[in-house]
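The primary structure of each chain is shown beneath.
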Amino acid sequence: MVTIMNIVYALVMLLAFIIVSGYFWQWFYAAPTSQNETHYCDTTDGWKLALHHYRAAQPAGKPVVLCHGLSSNRYAFELPTAPSLAKYLMVNGKDVWVAELRGSGMSETPGLYKSDVPYTWSFDDHLEKDVPVIIEKVRELTGAKAIHWVGHSMGGMLMLAHLASHPDAPLASGTAIGSPTDFSKMNLSFANSILKMRHLFEFLPISPLPFLARLAT
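Conventions adopted
- Residues numbered from 1 in each chain as written.
- Predicted model: local features only at pLDDT ≥ 70, side-chain atom pairs only at ≥ 80, totals over all residues.
- Heavy atoms only, no water.
- Axes fitted to C-alpha atoms, helices over the stretch in contact; angles between N-to-C directions.
- Helix = DSSP H or I, 4+ residues; strand = E, 2+ residues; numbered from the N terminus.
- Parallel < 35°, antiparallel > 145°, perpendicular 65-115°, else oblique.
- Contact = heavy atoms within 4.5 Å.
- Nonpolar A, V, L, I, M, F, W, Y, C, P; charged D, E, K, R; others polar.
- Pairing = 2+ DSSP bridges.
- Expected span 1.5 Å × (residues − 1).
- Buried < 20%, exposed > 50% of the residue type's maximum accessible area, 1.4 Å probe, protein only.
- Phe/Tyr/Trp six-rings, centres within 6.5 Å; stacked < 30°, edge-to-face > 60°.

Chemist: Would you take a moment to explain the packing of helix α3 (residues 123–142) against helix α4 (residues 154–165) for this structure?
Modeler: Think of two packed helices as two axes; the pair is described by the angle between the axes and how far apart they sit. Orientation of α3 relative to α4, taken along the N-to-C sense of each, is 80°, at an axis distance of 10 Å. By the angle between their directions, the pair α3 and α4 is classed as roughly perpendicular. Between α3, through F123, H126, L127, V131, P132 and I135, and α4, the contact on the second element is made entirely by M154, M157, L158, A161 and H162. Grouping the amino acids of the contact of α3 with α4 by side-chain chemistry returns nine nonpolar, two polar and no charged.

Chemist: Mind showing me how you'd approach the sheet that holds strand β4 (residues 96–100) here?
Modeler: Sheet strands associate in pairs through backbone hydrogen bonding, adopting either a parallel or an antiparallel arrangement. Strand order in the open sheet made by the six strands is β1-β2-β4-β3-β5-β6, with mixed pairing throughout. Both edges of this open sheet fall to β1 (37–42) and β6 (171–177), since each of them pairs with a single strand only. With strand direction ignored, the average angle separating the axes of adjacent strands in the sheet is 25°. Sheet topology note: the strand β2 (residues 48–54)/β4 ladder contains five bridges and is antiparallel. Looking at the pairing, L51 lines up with A99 of β4. Sheet strands touched by α4: β3 (64–67), β5 (147–152) and β6. Its angle to β5, the strand with the most contacts, is close to 130°.

Chemist: How should I be thinking about α3 in this particular structure?
Modeler: Residues lying three or four places apart along an α-helix face the same way, a consequence of the helix completing one turn every 3.6 residues. Given a rise of 1.5 Å per residue, 20 residues ought to cover 28 Å, and the 27 Å separating the end C-alpha atoms of α3 matches this to within 8%. Within α3, burial applies to D125, H126, L127, D130, V131, V133, I134, I135, K137 and V138.

Chemist: Please clarify how the pairing of β2 should be interpreted in this entry.
Modeler: Along a regular strand, successive side chains alternate from one face of the sheet to the other. Within β2, six of the seven residues are buried, leaving the element largely enclosed by the surrounding structure. As judged from the six bridges shared by β1 and β2, these two strands associate in the antiparallel manner. Bridge pairing in β2 places E37 opposite H53. Counted between consecutive antiparallel strands, the loop separating β1 from β2 contains five residues, among which G46 sits at a positive phi close to 95°.

Chemist: Which parts of the structure should I look at to understand the environment of S189?
Modeler: Inspection of the secondary structure assignment puts S189 in helix α5 (residues 189–196). In this structure S189 comes out as partly exposed when scored by relative accessible area, which is 43%.

Chemist: Even after reading the chapter, I still don't get the packing of aromatic side chains, so can you show me in this structure?
Modeler: The description of two aromatic rings rests on the distance between their centres and on the angle between their planes. In the structure shown here, the tally under the stated rule is two aromatic pairs. Between F24 and W27, the ring centres sit 5.8 Å apart and the planes meet at 45°, which makes this aromatic pair tilted. Remark: W27 and F24 occur in helix α1 (residues 2–28); sequence separation between them is three residues, near one turn of the helix. The class of F24 is partly exposed, set by a relative accessible area of 38%.

Structure below.
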């Protein structure tokens, strides 16, 4: 009995240490980005997305939307103390808008115990519901007829998929940075192994996989 209690106590202490450590490192590495303002747009299924505006002194040309990749956020384009694509474009006269997809950064994220939005979403949700409102919101705020889209990784994939289904989309140009377009030669054995575990979590209110991924990081 004593051994079981010791194990339970050790597990509780380990969990508490992990949680406290997570909050500590989140605080330790916290650094604000330098956007001039942040706007929000609403998707058709109730999510609120953040659009961070980097306003050039004398903007020229069409606005530029920067879209991050999977499990990323606005820091992909402006990590403090590191080279910043958002600030570089702004300094060179571009009207820059850094978008954050649902569940990322300052966009709406599910609550821990109670949530007004789902705990899960997919690439299709980003494609069909996030991308269109981001484009239209930037056009509305700037009055531009078309925009430039620069996407990193999944952000570029979203642009390519959007153009494939909407060839008349109001995009003046599209740039994909490190965006895969062919998965036929990719080894998916590890990913498939993880997916097989999803049935073990069906009784939980939220998936522990994001937490485990952060812990691993």
